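# Understanding the architecture of this molecule
Letter by letter, the chains look like this.
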Amino acid sequence: FEYIGIGSVGILWLLFSARFSNQDGWITGKVLGLLWVIPTLTVLMAFTNEWHWLLWSSITPGAPGGTDFLMYHHGPWFWVIVSYSYVTLFAGSFLLIRSIAKYPRLYRKQTAPLMLGVAIPWIANIIYVSGNSPIPGMDLSPFSFTIVGFIYLWSVFRTRLFEILPIARDLLIENITEGVIVLDTMNRVIDLNPAARRFLCV
């Protein structure tokens, strides 16, 4: 059942990043179907692994006197799903990074905790996959999601994460014909739409 989450997290991050940054024009039913092929095959392989040993080739107990964790020896398909997850995580992160230059500082403040939230489990998983876990056989990724939860909780209240989305700015401010200039409490210009730029010749 763990592989349901393992196979899904990269795709869900990619879809979320595309929606959040308003770069989701490529998301169609056909694309979604193709994205879920490898995760679906992975879940099927996890339930039938004893027939083919493609996901994990063997399971051995931990070293005597060491940990009680079982040591999973990875098969070839494990590296397929890991590579696929990393590619989709990178693609989603790329969309968010690209949107940082496009949107004003408010959205950059929202994007920073999102990037941190995806980096922590990613690093934890790299440590496990590379065999450098401080506790042999233990995947730190599930524990890292606890830290991510606190980061996102803080972000919801501190940076008002998800309250104001870039898509709303594009649909409303960017496309109206009237000029819109946004000032902060110090009367400094922090954002203006294309109509205002044309009026001010900026």
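Check the entry above for the structure.
Our subject in this report is the structure included herewith. Predicted model, so just to flag it, every value in this text is computed and none were measured.

What follows is about the overall build of the protein chain. Scanning the protein chain from N- to C-terminus turns up nine helices and four strands. Traced from its N-terminal end to its C-terminal end, the protein chain shows the element sequence α-α-α-α-β-β-α-α-α-α-β-β-α. Per-residue burial for the protein chain yields a buried fraction of 37% across its 202 residues.

Here the focus is the pattern of salt bridges. Under the definition given, this model contains one salt bridge. One salt bridge in this structure joins Asp24 and Arg19, with 3.0 Å as the shortest N-O distance. Accessibility expressed as a relative area gives 17% for Asp24, which makes it buried.

To continue, consider helix H3 (residues 37-47). Three or more residues of H3 are buried, namely Pro39, Thr42, Val43, Met45 and Ala46. Buried positions in H3, seen along its axis, are confined to an arc of 160° and lie on one side of it. Exposed side of H3, more than 90 degrees from the buried face: Leu44 and Phe47 are the residues found there.

We now examine a nonpolar patch on the surface. On the surface, Ile181, Leu183, Val189, Phe199 and Leu200 cluster together into a nonpolar patch covering about 520 Å² of accessible area. For the nonpolar patch, the elements supplying multiple residues, two or more each, are strand S3 (181-183) and helix H9 (194-200). With respect to the helices, strands and loops of the structure, Leu200 is situated in helix H9. Look at Leu200 and you get partly exposed, because its relative accessible area is 42%.

In this section: the packing of aromatic side chains. Any aromatic ring pair is given by two values, namely how distant the centres are and how the planes are angled relative to each other. Across all of its chains, the model carries seven aromatic pairs by this definition. Ring geometry for Phe1 against Phe47: centres 5.3 Å apart, planes inclined by 85°, an arrangement best described as edge-to-face. In this pair, Phe1 sits in the segment before helix H1 (2-20) while Phe47 sits in helix H3, placing the two residues 46 residues apart along the sequence. Relative to Phe16, the ring of Trp13 lies with its centre 5.9 Å away and its plane at 35°, an arrangement referred to as tilted. One end of the pair is Trp13 and the other is Phe16, both in helix H1 and three residues apart, which spans about a single turn. Using a relative accessible area of 25% as the deciding quantity, one classes Phe16 as partly exposed. Among the aromatic side chains, those forming a connected cluster through ring pairs are Tyr3, Trp56 and Tyr72.

The rules behind each value
- Residues numbered from 1 in each chain as written.
- Predicted model: local features only at pLDDT ≥ 70, side-chain atom pairs only at ≥ 80, totals over all residues.
- Heavy atoms only, no water.
- Helix = DSSP H or I, 4+ residues; strand = E, 2+ residues; numbered from the N terminus.
- Buried < 20%, exposed > 50% of the residue type's maximum accessible area, 1.4 Å probe, protein only.
- Salt bridge = Lys/Arg side-chain N within 4 Å of Asp/Glu carboxyl O.
- Arc of directions from axis to C-beta.
- Patch = residues over 30% accessible without salt bridge, like charges linked within 9 Å, V, L, I, M, F, W, Y side chains within 5 Å.
- Areas by Shrake-Rupley, 256 points an atom, 1.4 Å probe, with all protein chains shown as cover.
- Phe/Tyr/Trp six-rings, centres within 6.5 Å; stacked < 30°, edge-to-face > 60°.

Scope: geometric values only; no functional claims are made or implied.
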